[in-house]
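Letter by letter, the chains look like this.
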Amino acid sequence: MSVEDIIGSALLKERIGIDDVVALLSAKGAEAEAVKEAARNTRDRMFGDRTFVYGFVYFSTYCRNDCAFCYYRKTNSLRRYRKSADEIVALSGSLKDAGINLVDLTMGEDPVMCADGHRTMRDVVRRVKEEVDIAVMASPGAMDETSFKPMSEAGADWFACYQETYNRDLFSKLRLEQDFDRRLSQKTWAREAGMLTEDGMMVGLGETVRDRADSILRMGALGCEQIRAMTFVPQEGTPMSGTSASTSDDELMSIAVMRLLFPDRLIPASLDVEGIAGLRTRLDAGANVITSIVPPKMNLAGVAQHELDIDNGHRSVHHVLEMLDAMGKRAATCGEYNESVSKMKSKVRIGD
Ligand code: SAM
Ligand code: MD0
Ligand code: SF4
């Protein structure tokens, strides 16, 4: 089938097989633009002019893991920080006041926060929920099955844990000494505990186009309400520091294909890859959530780009809202966002 025909089938909600997903992801030039245009129109049809905006609070950069791609892997030497619960509540409150819809509470697998069934992390979630009254995403890495119900009861609306790839061999080279199935189960355990879930894949770390197509289909089938693709950014001091950086083209095609195949999912445009310069291209590929909005001058880091555009304020809520306005879009209100969350929670999908 031609790319045009595959787009047509997707719009008619016909089942798209992996060969066709590979063809969409491989589209170039005018055909690639047609995929993105169809994705953008689908996004507009599903979500109108509203974009969801997520504040990012990377509250502890300590980690017990040694992921080959990550700046914060335990064997990298860097100055780490752990924010106090009071600081996290204050940061979350100021992000809410500035207009964000959700706070993404993210950490490395910090042994202090993970101890005793993630008790300290959970206390942070509970305090943010009670004192700030905002939607909360917990991104603590992998947890034991018994920690999910308490995390949900503490007030986490979302649980994010990215598989990175569904190619098991590649996974074992990236997430060293980590178990593929345990990480996959995170999404199921979170859903069973009543949370919405986010899965994600990384692009540009040695996977094939077919691997990407497979990851997209698997993430979709798993039923996660939010799915993402992020380009790998090589990090100093890691085994993958010498890997050449990719352009974001493959990420943009992945975003567009996810949107075409799974029209109602939330799909982020992360500021953590190319900073604010990468916002428009990602929204134009069909993303409907802006993530990794970070307040300046608070000594908070990004993940893939730990400094880019943070202290100059370009990843601030204010600047992002200005950019959205210039693109003829608007941020959703918290009321609108919370309504979407309630709707999604009422029909949590059980994966097939
Ligand atoms: N530590 C938790 C975990 O690993 O699940 C949560 C935070 S982790 C830093 C969040 C995600 O950032 C990873 O799952 C990965 O997809 C992404 N990431 C980390 N390093 C990256 C890099 N160098 N380039 C692009 N994305 C990266
Ligand atoms: C982002 N830096 O949204 C964040 C991070 C963790 N839940 C999200 C990868 O790009
Ligand atoms: Fe730790 Fe997450 Fe980085 Fe892996 S990706 S080293 S778990 S912070």
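Residues numbered from 1 in each chain as written. Chains lettered and ligands numbered in written order. Predicted model: local features only at pLDDT ≥ 70, side-chain atom pairs only at ≥ 80, totals over all residues. Heavy atoms only, no water.

J.: Could you give an account of empty space enclosed by the protein, with specific residues and numbers?
T.: Under the counting rule described, the total for this entry stands at two cavities of 30 Å³ or more. Put simply, the largest cavity is a space of about 710 Å³. The wall of the largest cavity is formed by 40 residues, among which Phe 69, Tyr 162, Glu 164, Arg 175 and Val 303 lie closest to the centre. Of all the secondary-structure elements, those providing two or more residues to the lining of the largest cavity are strand S1 (50-60), strand S2 (102-107), strand S5 (196-203), strand S6 (226-231) and strand S8 (289-293). Of the volumes computed, that of the second largest cavity is approximately 40 Å³. As for the second largest cavity, its lining consists of Ala 10, Leu 11, Lys 13, Thr 42, Arg 45, Leu 260 and Pro 263. In terms of residue class, the lining of the second largest cavity is made up of four nonpolar, one polar and two charged. (1 Å grid on protein atoms, 1.4 Å probe; cavity = no way out; pocket = protein on both sides within 12 Å on 5 of 7 lines; lining within 4 Å. Points joined across faces, edges and corners; volume = space filled by probe spheres on them. Helix = DSSP H or I, 4+ residues; strand = E, 2+ residues; numbered from the N terminus. Nonpolar A, V, L, I, M, F, W, Y, C, P; charged D, E, K, R; others polar.)

J.: Pulling in residues and values, what's your account of the packing of helix H2 (residues 18-26) against helix H9 (residues 209-222)?
T.: Across the interface, H2 lies against H9 with an axial gap of 9 Å and an inter-helix angle of 115 degrees. Crossing geometry of H2 relative to H9 is assigned as right-handed. Here Ile 18, Asp 19, Val 21, Val 22, Leu 25 and Ser 26 of H2 lie close against H9, whose contacting residues are Val 209, Arg 210, Arg 212, Ala 213, Asp 214, Ile 216 and Leu 217. In the contact of H2 with H9, the residues fall into eight nonpolar, one polar and four charged. (Axes fitted to C-alpha atoms, helices over the stretch in contact; angles between N-to-C directions. Left-handed = near helix turned anticlockwise from the far one by under 90°. Contact = heavy atoms within 4.5 Å.)

J.: Describe helix H14 (residues 334-346), listing the residues and the values that go with them.
T.: The terminal C-alpha atoms of H14, which comprises 13 residues, lie 18 Å apart, in line with the 18 Å expected from a rise of 1.5 Å per residue. Buried within H14 we find Glu 336, Tyr 337, Val 341 and Met 344. Down the axis, H14 shows its buried residues gathered within 140 degrees of arc, on one side only. In H14, the exposed positions that point more than 90 degrees away from the buried face belong to Lys 343 and Ser 346. Next to the buried residues of H14 lie S1, S2, strand S3 (135-139), strand S4 (158-160), S5 and strand S9 (330-331). (Expected span 1.5 Å × (residues − 1). Buried < 20%, exposed > 50% of the residue type's maximum accessible area, 1.4 Å probe, protein only. Arc of directions from axis to C-beta.)

J.: Any chance you could break down the nonpolar core for me, citing the residues and the numbers?
T.: By size, the foremost hydrophobic cluster in this structure holds 103 residues, and its most contacted members are Val 35, Val 57, Phe 69, Leu 105, Val 128, Leu 261 and Ile 290. The element contributing the most residues to this core is helix H10 (residues 249-261), with eight residues. In contact with Val 35, not counting residues within four places along its chain, are Val 3, Ile 7, Leu 24, Ala 27, Met 253, Ala 256, Val 257 and Leu 260. Phe 52, Ala 160, Leu 196 and Val 341 belong to the second-largest nonpolar core, a separate cluster that totals 16 residues. (Core = buried A, V, L, I, M, F, W, Y, C linked by side-chain atoms within 4.5 Å.)

J.: Explain the packing of H2 against H10 to me, using residue names and the numbers behind them.
T.: Two quantities define a packed helix pair, namely the angle between the axes and the distance from one axis to the other. Across the interface, H2 lies against H10 with an axial gap of 9 Å and an inter-helix angle of 135 degrees. Looking at the two axes, H2 sits oblique to H10. Along this stretch, H2 crosses H10, giving a crossing that reads as right-handed. Residues Val 21, Leu 24 and Leu 25 of H2 lie in contact with H10, whose contacting residues are Met 253, Ser 254, Val 257 and Leu 261. Tallied by class, the residues present in the contact of H2 with H10 amount to six nonpolar, one polar and no charged. (Parallel < 35°, antiparallel > 145°, perpendicular 65-115°, else oblique.)

J.: Can you tell me about the pairing of S6, naming the residues and giving the values?
T.: Most of S6 is tucked away, with six of its six residues classed as buried. Of the two faces of S6, both are covered, the one formed by Gln 226, Arg 228 and Met 230 as well as the one formed by Ile 227, Ala 229 and Thr 231. Inspection of the sheet shows S5 paired to S6 by six bridges, in the parallel sense. Looking across to S6, one finds that Glu 198 is bridged to Gln 226. A crossover connection joins S5 to the parallel S6 through H9; in handedness this β-α-β unit is right-handed. (Pairing = 2+ DSSP bridges. Right-handed = clockwise from strand over helix to strand, strands pointing away.)

Keep in mind these numbers describe shape, not what the thing actually does.
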